[in-house]
Amino acid sequence: MKKEVKRKKKRKKKIIDFNVIEKKWQNYWEKEKIYRFDPKSKKKIFSIDVPPPYASSGHLHVGHALHYTQFEIIARFRRMLGENVYFAPCFDDNGLPTEKYVEEKLGISKKDVTRAKFRKLCLEESKKIEKTYSDRVFKKLGHSYDWSLLYTTISPEAQKIAQVSFLDLIKKGDCYRAEEPTIWCPYHQTALAQAEVEDLKRTTQLNYIYFDLEGEKEKIKIATTRPELLASCVGVFVNPSDIKNKKLVGKTAIVPLFGYKVRIMEDEKVDPEFGTGIVMVCTFGDTGDIEFWKKYKLDLKISIDKEGKLTEVAGKYKGLDIKRAKEKILEDLRKEKRLEKQETIEQTVGACWRCSTPIEFIVTKQWFIKTLQYKEKLIGFGRKIQWFPQFYRMRYEDWVRNLGWDWTISRQRYYGVPIPVWYCKKCKKIIFAEKNNLPVDPTASKPKKKCSCGSNQFKPEYDVFDTWMTSSMTPQIAMRWLKKPKEFKKMFPASLRPQAHDIIRTWTFYTILKSFLHFSSIPWKNIAIGTYVLDSKGKGMHKSKGNVIWAEDILNKYSTDVFRYWVGIATFGEDLRYQEKDLIAGKKFLTKLWNAFNFSSIHLKNYKSKKPKKLQAIDQWLLSKIQKLIQEITKDFKNYKTGNVTRKIEYFFWHIFCDNYLEISKNRLYQGKKQEKESAQYTLYNSFLTLIKILAPTVPHITEELYQQYYRKHEKVKSIHIAEWPKPVAGLINEKIEKLGDKAIEIIGKVRQYKTKNQKSLKAEIILTLDKDKIKELKPFIQDLAAVTKAKEIKTGKFDIKFL
């Protein structure tokens with residue numbers, strides 16, 4: 001009885017606690033500085049231009065967590081490949097999301113506090129969120145950043161780089177200030193760039209409004225969706241080929257409700273099929289209005305202000321917001337019998353990409369960077385970059401071709417990088433900050449010298465830069481362009497820019513533009529577009545839809561490595577539905593890996609890692625296959641086909657290694673002759689080491705645990721994550737032995753099926769009959785084949801299986 005108890009204790013399996021080992025190895029990596037970039041190293045540098053996450057909540061949903069982990073897997077692969085990986089963590093704490101977060105969290109409006117106070121609150125809240133992101137998100141996800149390289153987009157160094165960029169572009173003549181019709185968000189009350197405008201589909205009314213003709217009883221009808229702009233009507237146009245309306249050219253129309261007169265002109269761009277074929281031009285309803293206004297030098301009547309309210313130009317409607325003004329004007333048009341009819345139509349309008357408020361066009365003074373004159377060159381530079389997947393390059397090119405505006409870089413906000421400019425109160429001259437004084441805040445300091453007119457009275461520039469003005473310089477900020485110019489030259493262009501597809505028109509475009517303007521260079525050699533995660537029904541995840549799944553919840557329910565295994569099934573540039581069954585499959589895989597290690601380590605206890613003089617056929621078969629696996633997944637990793645990597649490793653581990661090789665080699669490991677056992681041990685040692693190495697970028701914690709428990713004492717490297725990536729050994733690839741081994745596996749599979757069909761244990765002993773030629777052909781495998789199938793005898797004849 002005592003012996004029985006003792007035997008059971010010996011067989012008790014080790015159970016892995018993923019959460020314990022994950023915390024243990026995260027602390028170890030940090031303590032040992034495993035992921036520290038070495039500026040003195042002679043290794044090839046692989047530099048990553050990391051997308052700075054917005055410091056606006058401290059929580060990531062599974063889509064965002066997948067995106068950041070997906071390219072972190074690439075960083076780990078490149079490090080094991082022997083490259084000196086430059087991987088700087090970062091946070092984007094500069095811009096509207098931070099302003100919005102602070103206002104919502106603290107229940108304040110930036111209008112209610114001083115500019116200095118609001119900026120201080122934004123900085124304080126950003127610091128808190130960054131700490132949360134660092135500890136509870138990125139470190140918990142096992143990300144291998146070099147935390148000594150951390151930067152934020154509002155840091156003094158980032159501000160300095162943005163301001164240096166501005167001054168350089170001023171010097172080169174590529175940046176200018178102008179009073180122009182500007183894309184405007186009435187909600188955020190700031191100018192927007194074209195890239196910050198998204199299409200908004202909506203249902204609206206097309207209103208047919210009567211205009212009087214001066215000196216005539218006849219009226220004309222104009223169809224418009226924006227009656228609230230009647231006060232800014234500065235012209236009426238028809239198409240010269242429109243026979244029914246051509247007679248109106250040269251006449252004068254009288255604007256209803258407001259009574260002022262406008263000329264009727266002709267232009268080929270008028271669509272005679274829309275409405276009545278007669279259009280009113282207002283300042284401004286859309287880009288078409290701007291084009292007509294400039295071309296015909298029309299009057300400027302601004303009836304909508306920066307807050308989205310009607311101005312004094314609108315008379316009695318002054319102070320009404322756009323929606324209320326439209327309702328009131330339509331009501332008055334009805335009273336005066338000026339509204340003939342209304343038609344319901346589907347309409348697409350431009351809207352702010354942050355708040356979905358329809359944009360307006362308001363004349364303001366803004367700073368611009370020239371883009372339109374460089375369109376062809378920017379397309380050419382885009383083609384010098386390797387795109388993964390390749391088809392996303394066309395999205396970039398389409399965007400560049402369709403650009404209609406120079407880039408507006410000034411924003412009417414409180415929290416952002418200041419524009420380093422003052423204006424002389426006396427002569428209105430623009431005073432630029434000196435480069436050696438940067439970064440500067442013109443609202444808190446003055447120029448060091450008097451103006452050339454002799455005045456020392458200055459008005460500061462209160463506008464700040466568009467957040468992309470800074471983010472377009474992330475390669476330069478991350479790689480310390482100004483602080484460490486020699487190191488920067490070694491790393492630039494960066495090796496990789498990983499990013500989401502929806503910011504190709506902004507982050508991709510602006511970074512290529514800046515790199516072209518400043519350095520006449522591409523900013524990175526490769527750009528990889530991340531996976532877009534959908535919910536289980538194939539819909540995008542949004543808080544407003546209530547279908548967001550938070551990464552923290554998944555990490556608590558499963559583990560980091562299980563989550564990362566799920567990330568591993570995704571491929572760059574492809575959509576992925578979130579399905580919990582994939583996490584369950586990942587957990588099963590990692591449990592199987594742990595169990596396979598326990599089995600292997602028992603049989604490798606006294607192994608001396610020495611290659612035997614002769615390898616058994618089935619050992620050669622496995623080693624040949626694993627060389628090919630190394631070749632394939634190394635190529636896939638380099639091409640950002642991470643989903644292929646995981647699928648191939650998963651298939652190899654489950655079906656080739658566990659289901660077949662381990663079962664086949666058990667007999668030799670337990671009771672084989674010395675040479676036979678050594679052959680199995682050699683194969684087991686090297687194949688399992690290869691498996692955990694190629695899995696290490698994806699599931700770093702469990703692979704570190706297995707490596708440290710057994711392999712470290714043999715391999716003499718303090719972490720698997722700085723161990724050498726496996727290289728395929730050409731001499732171990734044996735096509736002939738693979739084909740024969742596959743045939744042996746096929747027979748083993750048939751025997752297993754037969755036993756299962758007959759409800760027999762796989763340990764049931766049999767007599768196996770094989771064709772004479774087959775026995776001869778498979779002679780090198782016969783001993784292992786007989787052992788695994790429990791064949792007490794292998795006879796010659798037609799294929800047959802009989803139970804004893």
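Residues numbered from 1 in each chain as written. Predicted model: local features only at pLDDT ≥ 70, side-chain atom pairs only at ≥ 80, totals over all residues. Heavy atoms only, no water.

S.K.: Would you take a moment to explain the overall build of the chain for this structure?
M.R.: From N to C terminus, the chain includes 25 helices and 28 strands. In summary, the chain has a C-alpha radius of gyration of 35 Å against a globular reference of 28 Å for 804 residues, an excess of more than 25%. Counting only C-alpha atoms and orienting by the principal axes, one finds that the chain spans roughly 115 × 65 × 50 Å. The proportion of buried residues among the 804 residues of the chain is 56%. Put simply, of all contacts in the chain between residues at least 6 apart along the chain, 78% involve residues at least 24 apart. (Helix = DSSP H or I, 4+ residues; strand = E, 2+ residues; numbered from the N terminus. Rg over C-alpha atoms; globule rule 2.2 N^0.38 Å. Buried < 20%, exposed > 50% of the residue type's maximum accessible area, 1.4 Å probe, protein only. Contact = heavy atoms within 4.5 Å.)

S.K.: Whenever I open this one, unusual backbone geometry confuses me. Can you help?
M.R.: Most peptide bonds take the trans configuration, and most residues that are not glycine carry a negative phi. Note the cis peptide between threonine 283 and phenylalanine 284, where omega equals 0°. Locating phenylalanine 284 in the fold gives a position in the loop between strand 12 (278–282) and helix 8 (287–295). Cis geometry is adopted by the peptide bond preceding proline 389, which originates at phenylalanine 388 and carries an omega value of -10°. For proline 389, the location among the structural elements is in the loop between strand 15 (386–388) and helix 11 (392–401). Despite not being glycine, glutamine 189 has its phi angle at roughly 55°, a positive value. Turning to its location among the elements, glutamine 189 is positioned in the loop between strand 5 (175–185) and strand 6 (190–191).

S.K.: Please explain the pattern of salt bridges as it appears in this structure.
M.R.: Side-chain pairing between opposite charges can occur once the charged atoms of the two side chains come close. Going through the model one piece at a time under the given rule, you end up with 59 salt bridges. The residue glutamate 83 makes a salt bridge to lysine 44 at a minimum N-O spacing of 3.8 Å. Linking glutamate 83 in the loop between helix 3 (62–80) and strand 2 (84–87) with lysine 44 in the loop between helix 2 (18–32) and strand 1 (45–48), this pair joins segments that are 39 residues apart in sequence. What you see here is one network of salt bridges that share partners, running through Lys316, Lys328, Glu331, Asp332 and Lys335. (Salt bridge = Lys/Arg side-chain N within 4 Å of Asp/Glu carboxyl O.)

S.K.: Looking at this structure, I do not really get the side chain of glutamate 125. What am I missing?
M.R.: The topology assignment puts glutamate 125 in helix 5 (residues 115–138). Those residues in contact with glutamate 125 that lie beyond four places of it in its chain are Tyr101, Val102, Lys105 and Leu106.

S.K.: Any chance you could explain the packing of helix 10 (residues 375–382) against helix 11 here in plain terms?
M.R.: Packed helix pairs are specified by the crossing angle of their axes together with the interaxial distance, meaning the distance between the axes. Contact pair helix 10 / helix 11: the axes reach a minimum separation of 9 Å and the direction vectors enclose 170°. Classed by the angle they form, the pair helix 10 and helix 11 counts as roughly antiparallel. Across from Lys375, Leu378, Ile379 and Gly382 in helix 10, the residues of helix 11 making contact are Arg393, Tyr396, Glu397, Val400 and Arg401. Here the residues of the contact of helix 10 with helix 11 sort into four nonpolar, one polar and four charged. (Axes fitted to C-alpha atoms, helices over the stretch in contact; angles between N-to-C directions. Parallel < 35°, antiparallel > 145°, perpendicular 65-115°, else oblique. Nonpolar A, V, L, I, M, F, W, Y, C, P; charged D, E, K, R; others polar.)

S.K.: Where do I start with the environment of isoleucine 748 in this structure?
M.R.: By secondary structure assignment, the location of isoleucine 748 is in helix 23 (residues 735–757). When its relative accessible area of 3% is taken as the criterion, isoleucine 748 is described as buried. As a C-alpha pair, isoleucine 748 and leucine 496 span 252 residues in sequence and 46 Å in three-dimensional space. Look past the residues within four positions of isoleucine 748 in its chain and what remains in contact with it is Ile664, Leu785, Val788 and Thr789.

S.K.: How do you make sense of the layout of surface pockets when you look at a structure like this?
M.R.: Computed from the structure, the largest pocket encloses a volume of approximately 1900 Å³. Taken together, 49 residues make up the lining of the largest pocket; nearest its centre are Tyr54, His61, His64, Arg354 and Asp502. Elements with a minimum of two residues in the lining of the largest pocket: helix 3, helix 4 (96–106), strand 7 (197–213), strand 13 (339–352), helix 12 (467–471) and strand 24 (532–534). Considering each element in turn, the lining of the largest pocket owes the most residues, six residues, to helix 4. Classifying every residue of the lining of the largest pocket gives 23 nonpolar, 16 polar and 10 charged. (1 Å grid on protein atoms, 1.4 Å probe; cavity = no way out; pocket = protein on both sides within 12 Å on 5 of 7 lines; lining within 4 Å. Points joined across faces, edges and corners; volume = space filled by probe spheres on them.)

S.K.: Sorry, what's going on with the side chain of threonine 560 here?
M.R.: Mapping threonine 560 onto the fold places it in helix 17 (residues 560–568). Once residues lying within four places of it in the same chain are set aside, the contact partners of threonine 560 are Glu22, Lys140, Leu141, Gly142, Leu555 and His701.

S.K.: Can you walk me through the packing of helix 18 (residues 580–603) against helix 20 (residues 642–671) in this structure?
M.R.: At their nearest, the axes of helix 18 and helix 20 sit 12 Å apart, and the two run at 25° to each other. Considered as vectors, helix 18 and helix 20 are oriented roughly parallel to each other. In the crossing of helix 18 with helix 20, the sense of the turn from one axis to the other is left-handed. Contacts from Lys588, Phe589, Lys592, Leu593, Ala596, Phe599 and His603 of helix 18 reach helix 20 at Glu650, Phe653, Trp654, Cys658, Leu662, Lys666, Leu669 and Tyr670. Classifying every residue of the contact of helix 18 with helix 20 by side-chain character gives 10 nonpolar, one polar and four charged. (Left-handed = near helix turned anticlockwise from the far one by under 90°.)

S.K.: For this particular structure, what's the right way to read the sheet that holds strand 26 (residues 766–770)?
M.R.: Two orientations exist for strands paired in a sheet by backbone hydrogen bonds: parallel and antiparallel. Ordered by their spatial adjacency, three strands build an open sheet running 27-26-28, and the pairing between neighbours is mixed. The sheet is open, and its two borders are formed by strand 27 (791–796) and strand 28 (800–803), each paired with just one other strand. Sheet twist, expressed as the mean angle between neighbouring strand axes with direction ignored, is 20°. For strand 26 and strand 27, the ladder comprises five bridges, and the chain directions are parallel. Pairing of isoleucine 766 across the sheet is with alanine 791, part of strand 27. Taken strand by strand, helix 25 (residues 779–789) contacts strand 26 and strand 27, and its axis lies near 130° from that of strand 27. (Pairing = 2+ DSSP bridges.)

What is shown is where atoms sit, not what they do.
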